[in-house]
Amino acid sequence: MNNVKIGWAKREISMEGPLSLPGQMYLRISTGVLDPTYATALCVDGGEGQDAVIFCACDREGFYRDVVQQVQDRAKAMRPELPSDAIIMNTTHTHAGAEINDTPETSPDGKPIYPGAKYREFFIQQCADAICEAWDTRKEGGIAFGYGYAVVGHSRRVIYSVDEYTNNVSMSAPNGYGVMYGKTNKPIFSHYEAGADHFVNLLYTFDANEKLTGMICNVPCPSQLSEHFCQMTADFWHDVRTLVQKEYGENVYVLPQCAAAGDLSPRILHYGKAQARRMALKYGMEYDPSKSNDYNKVMSERYDIAERIKLAIDEVLSWAKKDIRTQLPVHHTRKIVELKRRMITEAERDWCQGNLDKLKKQLEEKLAEAAGDPDKVRLAVSNYEIVRNKNLAGIKRFETQHEDPTMSYPIHVASIGEAAFASNPFELYMDYMHRMQARSPYLQTFVIQLAGANNAGYLATERGIYNKGYSASLFCNRISAEGGQQLVEATLETLAELKAKDE
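Caption draft 1: Looking closely at the overall build of the protein chain. When you go through the protein chain residue by residue, the secondary structure sums to 10 helices and 22 strands. Its C-alpha atoms give the protein chain a radius of gyration of 23 Å, within 12% of the compact-globule value 23 Å for 503 residues. Dimensions along the principal axes, computed over C-alpha positions, put the protein chain at roughly 70 × 55 × 45 Å. Residues classed as buried in the protein chain amount to 56% of the 503 residues present. Relative to all contacts within the protein chain whose residues are 6 or more apart in sequence, the contacts with residues 24 or more apart total 81%. Counting only carbon and sulfur atoms, one obtains 50% of the accessible surface of the protein chain, whose full area is about 20600 Å². Both charge centroids of the protein chain, one from 57 positive and one from 66 negative side chains, sit 3 Å from each other.

Caption draft 2: Expanded view of the packing of aromatic side chains. Taken as a whole and assessed by the stated rule, the structure comprises 17 aromatic pairs. Their ring planes at 90° and their centres at 5.6 Å tell us that Tyr 147 and Tyr 149 sit as a pair that is edge-to-face. Take Tyr 149: its relative accessible area is 53%, and that puts it in the exposed class. Ring geometry for Phe 421 and Phe 446: centres 4.4 Å apart, planes at 35°, overall tilted. Placement of the pair is Phe 421 in strand S19 (residues 419–423) and Phe 446 in strand S21 (residues 444–448), with a sequence separation of 25 residues. In terms of burial, Phe 421 and Phe 446 fall into one category: buried. An aromatic cluster of at least three residues, connected via ring pairs, comprises Phe 63, Tyr 119, Phe 122 and Phe 123. Sitting over the ring of Phe 123, Arg 60 keeps its end group 5.4 Å from the ring centre. Over the aromatic face of Tyr 442 sits the side chain of Lys 499, whose NZ or CZ is 4.9 Å from the ring centroid.

Caption draft 3: Focus on the layout of surface pockets. Its volume calculated, the second largest pocket comes out at about 410 Å³. Along the walls of the second largest pocket sit 17 residues, with Trp 8, Asp 207, Thr 213, Asn 251 and Tyr 253 positioned nearest its centre. Among the elements of the structure, strand S1 (5–12), strand S7 (139–140) and strand S14 (212–219) are those that each provide at least two residues to the lining of the second largest pocket.

Caption draft 4: Layout of the packing of helix H4 (residues 272–283) against helix H5 (residues 293–320). Relative orientation of the contacting elements H4 and H5 amounts to 80°, with a least axis distance of 10 Å. With respect to H5, the axis of H4 lies roughly perpendicular. Every residue of H5 that contacts H4 at Gln 275, Arg 278, Met 279, Lys 282 and Tyr 283 is listed here: Lys 297, Ser 300, Glu 301, Tyr 303, Asp 304, Glu 307 and Arg 308. Among the residues making up the contact of H4 with H5, the classes are represented as three nonpolar, two polar and seven charged.

Caption draft 5: Looking closely at the pairing of strand S15 (residues 253–258). By the criterion of burial, S15 is predominantly enclosed, with six of the six residues buried. Along S15, one buried face is formed by Tyr 253, Leu 255 and Gln 257 and the opposite face, lined by Val 254, Pro 256 and Cys 258, is buried too. Where S14 meets S15, six bridges bridge the pair, whose relative direction is parallel. Bridge assignment links Val 219 to a residue of S15, and that residue is Cys 258.

Caption draft 6: Local environment of the nonpolar core. Counting 36 residues, the largest nonpolar core has Leu 339, Phe 426, Leu 428, Tyr 432, Leu 459 and Leu 487 as its most contacted members. Those elements giving two or more residues to this core turn out to be strand S17 (330–340), strand S18 (406–416), helix H8 (430–439), strand S22 (458–459) and helix H10 (481–501). Leaving out residues up to four positions away in the same chain, Leu 487 has contacts with Leu 339, Ile 411, Asn 424, Phe 426, Leu 428, Met 436 and Leu 459. In this structure, Met 15, Ala 41, Ala 130 and Trp 135 belong to the second largest nonpolar core, which totals 34 residues.

Caption draft 7: Molecular detail of a nonpolar patch on the surface. Together, Tyr 147, Tyr 149 and Phe 199 give the surface a local cluster of nonpolar side chains, amounting to about 320 Å² of exposed area. Turning to its location among the elements, Tyr 147 is positioned in strand S8 (residues 142–149).

Caption draft 8: Highlighting the side chain of Ser 473. Note that Ser 473 resides in the loop between helix H9 (462–467) and H10. Filtering out sequence-adjacent residues up to four positions away, Ser 473 remains in contact with Ser 172, Ala 173, Pro 174 and Arg 342.

Caption draft 9: Layout of H8. Residues of H8 that are buried include every one of Met 430, Asp 431, Tyr 432, Met 433 and Met 436, and no others. Buried residues along H8 sit against strand S16 (264–265), strand S20 (427–428), S21, S22, H9 and H10.

Caption draft 10: Structural context of the sheet that holds strand S10 (residues 157–160). If you trace the three strands from one edge of the open sheet to the other, you get S11-S10-S12, paired in antiparallel fashion. In this open sheet, the two edge strands, each paired with only one partner strand, are strand S11 (178–180) and strand S12 (189–192). Between one strand and the next, the sheet's axes are offset by a mean angle of 35°, whatever the strand orientation. Alignment of S10 against S12, held across three bridges, turns out to be antiparallel. Paired with Tyr 160 across the strands is Phe 189, a residue of S12.

Caption draft 11: View of the sheet that holds S18. On the basis of which strands lie adjacent, the open sheet formed by four strands has the order S17-S18-S19-S21 and mixed pairing. Either end of the sheet is taken by a strand with one partner, and the two such strands are S17 and S21. On average, each strand axis in the sheet is inclined to that of its neighbour by 20°, with strand direction left out of account. Both S19 and S21 contribute to a ladder of five bridges, which runs parallel. Looking across to S21, one finds that Ala 420 is bridged to Thr 445. Against the sheet, H10 makes contact with S17, S18, S19 and S21, and its axis sits at roughly 155° relative to S17, the strand it touches most.

Caption draft 12: Broad picture of the pattern of salt bridges. Counted under the stated rule, the structure contains 31 salt bridges. With a closest N to O distance of 3.3 Å, Glu 462 and Arg 435 form a salt bridge. Pair noted here: Glu 462 is in helix H9 and Arg 435 is in helix H8, with a separation of 27 residues, a long-range link. A relative accessible area of 42% means that Glu 462 is categorised as partly exposed.

Rules and cut-offs
- Residues numbered from 1 in each chain as written.
- Predicted model: local features only at pLDDT ≥ 70, side-chain atom pairs only at ≥ 80, totals over all residues.
- Heavy atoms only, no water.
- Helix = DSSP H or I, 4+ residues; strand = E, 2+ residues; numbered from the N terminus.
- Rg over C-alpha atoms; globule rule 2.2 N^0.38 Å.
- Buried < 20%, exposed > 50% of the residue type's maximum accessible area, 1.4 Å probe, protein only.
- Contact = heavy atoms within 4.5 Å.
- Areas by Shrake-Rupley, 256 points an atom, 1.4 Å probe, with all protein chains shown as cover.
- Lys, Arg positive; Asp, Glu negative; His and termini not counted.
- Charge placed at Lys NZ, Arg CZ, Asp CG, Glu CD.
- Phe/Tyr/Trp six-rings, centres within 6.5 Å; stacked < 30°, edge-to-face > 60°.
- Lys NZ or Arg CZ within 6 Å of the ring centre and 35° of its normal.
- 1 Å grid on protein atoms, 1.4 Å probe; cavity = no way out; pocket = protein on both sides within 12 Å on 5 of 7 lines; lining within 4 Å.
- Points joined across faces, edges and corners; volume = space filled by probe spheres on them.
- Axes fitted to C-alpha atoms, helices over the stretch in contact; angles between N-to-C directions.
- Parallel < 35°, antiparallel > 145°, perpendicular 65-115°, else oblique.
- Nonpolar A, V, L, I, M, F, W, Y, C, P; charged D, E, K, R; others polar.
- Pairing = 2+ DSSP bridges.
- Core = buried A, V, L, I, M, F, W, Y, C linked by side-chain atoms within 4.5 Å.
- Patch = residues over 30% accessible without salt bridge, like charges linked within 9 Å, V, L, I, M, F, W, Y side chains within 5 Å.
- Salt bridge = Lys/Arg side-chain N within 4 Å of Asp/Glu carboxyl O.

Next up, the structure:
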């Protein structure tokens, strides 16, 4: 067996200018770059008789318009020998990355918008450049891995003791017992739907002299503390990178992966006042005294999380580096899986149809209240368009869903020694990850969500669908809970196939 070869690279994917920032139920236009966003690439090549796998993590919300395929095609055109099918791309799910769909030239209030198509071309080239450089610069080195703990994600689905369908009406998602980010100070608050996962899965890379060169950091939480900001930002991953590079050197890479976290977020919901006091006493207003308390609160929360992740990185490195391997099997495979659709009922179709008239009336009322205020006009019109399009899409899905009861999605499964990686394109509920990890034949299994395909939406569990609410609604779920279990079984079957190659 040959020594493993490792290559790293990154490219900035943020830019100045009035770009549209997707991820919220209204249009935000970037006023600049708060901190840089990156496409970070890592190539691990097992050598003769083994596979190569290329990871590419992007600080953005999701992928659309076959962008992943375009990046793979671009990289292949630049380096014909590069195994483009082995490129695993994922997003960190920051809500402050630029839009790559086509955008209008101006917003509803007349502000200019940098064309999404132009940014898409820039993004594709930057990713392809990073991937090719990682491929070109691979050199013999070593691998170590392990896991630690960091409190980052919390359940964001609040469960009430009564069905809130009629009391908590939302035209972007019918609520039930479950409400995304629901208020916890209500007497009817019962519990959170899911627990939390504090595991941080880590894989470190070293050069031939056993000097640290980078790490994959897999955390079950989207980077969404700065989600309402109107500046491009990598959120808490920027702070993690800063702390790591301060400790280990500017040339040490951090490749972030968001593990299954469709029902998790970095927000604490029931301990808000205590958290605000913690941040005020711990960090004060050191970030920017000229900014609002809310801004400084968010930045404090980001740094607080980054410190915890950094402690996990340090602790695991202290013992994982005792077992650096230079020769180890590397395998990769990509499959297309068929998953059962989440079918829309006639009652849901009718509900969507009824919303269309309500939305138009609601827009007229909001525009009257806006009285020509540009920001209020932008918020009202953009929110109307987003929610209207969701309802129109629901109606269209009802009309065409019986043509094919399944949908096809790509998954990647890779192994580097006793560490495995399993990707999926969903905002995957945490339970599915635990089902995979509990039955995986590998010592550690890094589950990577929001990877490798157009935005596939949330994949809710059985209990999520029962409780309803945003992320478990007809708008959010293209695949059923039964399809979610099919994803689990297909992933485990593929992990077993890779494991058999080592025996």
